[in-house]
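Analysis of the macromolecular model
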Amino acid sequence: MNQLTGLIAAPFTPLRADGSLHLQQIAVLVEHLVARQVKGVFIGGSNGEGPSLTLEERMQVAEAFVDAADKRLFTFVHVGHNSLSEARKLSAHARQIGADAISATMPTYFKINTLEALIQSLAQIAEGAPDLPLYYYNIPALTGVSLDMVAFLEQAQTRLPTLAGIKYTAPFLYEYQACLQQDRYDILYGSDEMMLSALAVGAKGFIGSTYNFMPSLYHQLMAAFEQGDLTGAQRCQALSVAIVRAFVKYPPLAAQKAIMQMIGLDCGTVRLPLLELTNAQKSTLQKELQTIGFFEMIQQGK
């Protein structure tokens, strides 16, 4: 498994006003990402509202993204589920439709609390796609599961042959840096607002939500860092942080879908138990983004 580099977007699942899938919009999103030099998509994760979709809906969404990408993007399918048996079914489906890799969170109702449970659970999930790279999706803030990822990689070497790496969505850069020392694994960083810090400790590949609507900013950030322009990289990251701080005042997923609508890429509503932003909230958010310079930056990045 080669190390992935660049930006991998975690795309939104387009929904109609009644909450049903709007599959036709997926091709539009894919073309948008391809045109902006995004390298891949992470389908059906937190950003894609995977946990709120039925098994059949998750399969439909995954197939639509993989078909639209047509190998122009590296395709991850998130297969995590509270039922490991269902997760294994999603893995088998991802393999069947030609996805490039699978990734999984652990069950969040009956939470795991040991590395042994993590390894056994991932092994069961991997049985559905024994020849696809598997990435553990480490996102403690949402799953409530926080284990030693360095120890996990060490123990997994002889027990999880298809483990390719980790989607590491946590702020613990000291642990992330230690994971990077395990050369055989691909450790992708998942906190957009901390990209510069991750670059400083050796990150090469990134999976995130804001790459859907402002990838050009992060391309500039990475280019500045590569060229040794730390001030320029800091300036890009500061703008990223300001934009993130603007939308996390609201339910973040609903706010980001509102932002997509503002830039002409309508992904529709969110599904309960999430709530859509009110019109007043959308208006206030749009004004704040205007003040920050978000829309000017988007226009320049086209």
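It should be noted that the structure appears before, not after, this text.
In short, a report on the structure. (Residues numbered from 1 in each chain as written. Predicted model: local features only at pLDDT ≥ 70, side-chain atom pairs only at ≥ 80, totals over all residues. Heavy atoms only, no water.)

1. As for the overall build of the protein chain
Selection rule: Only DSSP runs of H or I with at least four residues qualify as helices, and only runs of E with at least two residues qualify as strands; both kinds are numbered from the N terminus onward. Here the globule rule is a power law, 2.2 Å times the number of residues to the power 0.38, and the radius of gyration is based on C-alpha atoms. The contact definition used throughout considers only heavy atoms, calling two residues in contact when any of these lie within 4.5 Å. Here the Shrake-Rupley method, with its probe set to 1.4 Å, supplies the accessible areas, and only the displayed protein chains count as covering residues. Counted charges follow a simple rule, with Lys and Arg positive, Asp and Glu negative, and His plus the chain ends left uncounted. Each charge is placed at NZ for Lys, CZ for Arg, CG for Asp and CD for Glu.
Along its length, the protein chain carries 13 helices and eight strands. Taking 19 Å as the expected radius of gyration for a compact globule of 302 residues, we find that the protein chain reaches 18 Å, a close match to that expectation. Taking the principal axes of its C-alpha atoms as reference, the protein chain extends roughly 50 × 50 × 35 Å. For the protein chain, the proportion of contacts with a sequence separation of at least 24, taken over those separated by at least 6, is 71%. Of the roughly 13100 Å² of accessible surface on the protein chain, 51% is carried by carbon and sulfur atoms. In the protein chain, which carries 22 positive and 26 negative side-chain charges, the distance between the mean positions of the two groups comes to 3 Å.

2. Quick look at the packing of aromatic side chains
Definition in use: Under the pairing criterion, centres of Phe, Tyr and Trp rings, with the six-membered ring standing for Trp, must be within 6.5 Å; the plane angle then separates stacked pairs below 30 degrees from edge-to-face pairs above 60, leaving the rest tilted. Throughout this description, buried means an accessible area under 20% of the type-specific maximum (1.4 Å probe, protein chains only), exposed means over 50%, and partly exposed covers the range between.
The tally for this structure, following the rule as stated, stands at 14 aromatic pairs. Between Phe42 and Phe76, the aromatic rings sit 5.7 Å apart at their centres with planes inclined by 40 degrees, giving tilted as the arrangement. Taken together, the residues span a long stretch of sequence, with Phe42 in strand β2 (residues 40–43) and Phe76 in strand β3 (residues 74–78) at a distance of 34 residues. Comparing Phe42 with Phe76 shows no difference in burial state: the two are buried. Taking 5.0 Å as the distance between ring centres and 85 degrees as the angle between the ring planes, the aromatic pair formed by Tyr109 and Phe110 counts as edge-to-face. A single burial state applies to Tyr109 and to Phe110, both of which are exposed. Linked through ring pairs, Phe42, Phe74, Phe76, Tyr135 and Tyr137 together constitute an aromatic cluster.

3. Observations concerning the pattern of salt bridges
As a reminder, the rule being used: What makes a salt bridge here is a side-chain nitrogen of Lys or Arg within 4 Å of a carboxyl oxygen of Asp or Glu, nothing more.
All told, the structure shown has ten salt bridges when counted by the stated rule. In this structure, Lys71 engages Asp100 in a salt bridge whose closest nitrogen and oxygen atoms are separated by 3.0 Å. With a gap of 29 residues between them, Lys71 in the loop between α2 (55–69) and β3 and Asp100 in the loop between α3 (84–97) and β4 (101–104) connect regions that are remote in the sequence. Classification of Lys71 by relative accessible area gives exposed; the value is 57%. In this structure, Glu276 and Lys282 form a salt bridge, with 3.1 Å as the shortest nitrogen-oxygen distance. Accessibility expressed as a relative area gives 42% for Glu276, which makes it partly exposed.

4. A short note on the nonpolar core
Operational definition: Note on terminology: a nonpolar core comprises buried Ala, Val, Leu, Ile, Met, Phe, Trp, Tyr and Cys residues joined through side-chain atoms within 4.5 Å.
Formed by 99 residues in total, the largest nonpolar core has its most connected members in Leu118, Phe152, Phe206 and Phe294. For Phe152, the contacting residues outside a window of four places in its chain are Leu115, Leu118, Ile119, Leu122, Tyr136, Leu160, Leu163 and Ile166. Counting 13 residues, the second largest nonpolar core, distinct from the first, contains Ala10, Phe74, Ala101 and Ala164.

5. So, unusual backbone geometry
Between Leu272 and Pro273 the backbone carries a cis peptide bond, its omega angle lying at 20 degrees. Along the chain, Pro273 turns up in the loop between α11 (252–262) and α12 (279–292). Although it is not a glycine, Glu49 sits at a positive phi angle of roughly 55 degrees. Along the chain, the position of Glu49 falls in the loop between β2 and α2.

6. As for the packing of helix α10 (residues 230–247) against α12
Quick reminder of the rule: Here an axis means a line fitted to C-alpha atoms, over the contact stretch when the element is a helix, while the angle between two N-to-C directions is reported on a 0 to 180 degree scale. Roughly parallel means an angle under 35 degrees; roughly antiparallel means over 145; roughly perpendicular covers 65 to 115; every other angle is labelled oblique. Whether a crossing is left-handed or right-handed is set by the direction in which the near helix is turned from the far one by less than a right angle, anticlockwise for left-handed and clockwise for right-handed. In this classification, Asp, Glu, Lys and Arg are treated as charged, Ala, Val, Leu, Ile, Met, Phe, Trp, Tyr, Cys and Pro as nonpolar, and every other residue, Gly included, as polar.
Closest axis-to-axis distance for the α10/α12 pair is 10 Å, and the angle between their directions is 165 degrees. By the angle between their directions, the pair α10 and α12 is classed as roughly antiparallel. When you trace α10 past α12, the crossing you get is right-handed. Packed against α10, whose contacting residues are Leu239, Ala242, Ile243, Ala246 and Phe247, the element α12 presents Leu285, Glu288, Leu289 and Ile292 at the interface. Its residues placed into classes, the contact of α10 with α12 shows eight nonpolar, no polar and one charged.

7. Quick notes on the environment of Gly268
The residue Gly268 is located in the loop between α11 and α12 in this model. With relative accessibility at 22%, the residue Gly268 sits in the partly exposed group. Distance from Gly268 to Lys257, taken between C-alpha atoms, is 7.0 Å for residues eleven residues apart in sequence. Ignoring any residue separated from it by four or fewer positions in sequence, one finds Gly268 in contact with Leu15 and Lys257.

8. A look at helix α13 (residues 294–301)
Applicable threshold: Relevant arc is that of directions from the helix axis to the C-beta atoms, nothing else.
Burial in α13 covers these residues: Phe294, Phe295, Met297 and Ile298. One face of α13 carries all of its buried residues, which in axial projection span an arc of 160 degrees. Along α13, exposed side chains directed more than 90 degrees from the buried face belong to Glu296, Gln299 and Gln300. Here the buried face of α13 lies against α9 (215–226), α10, α11 and α12.

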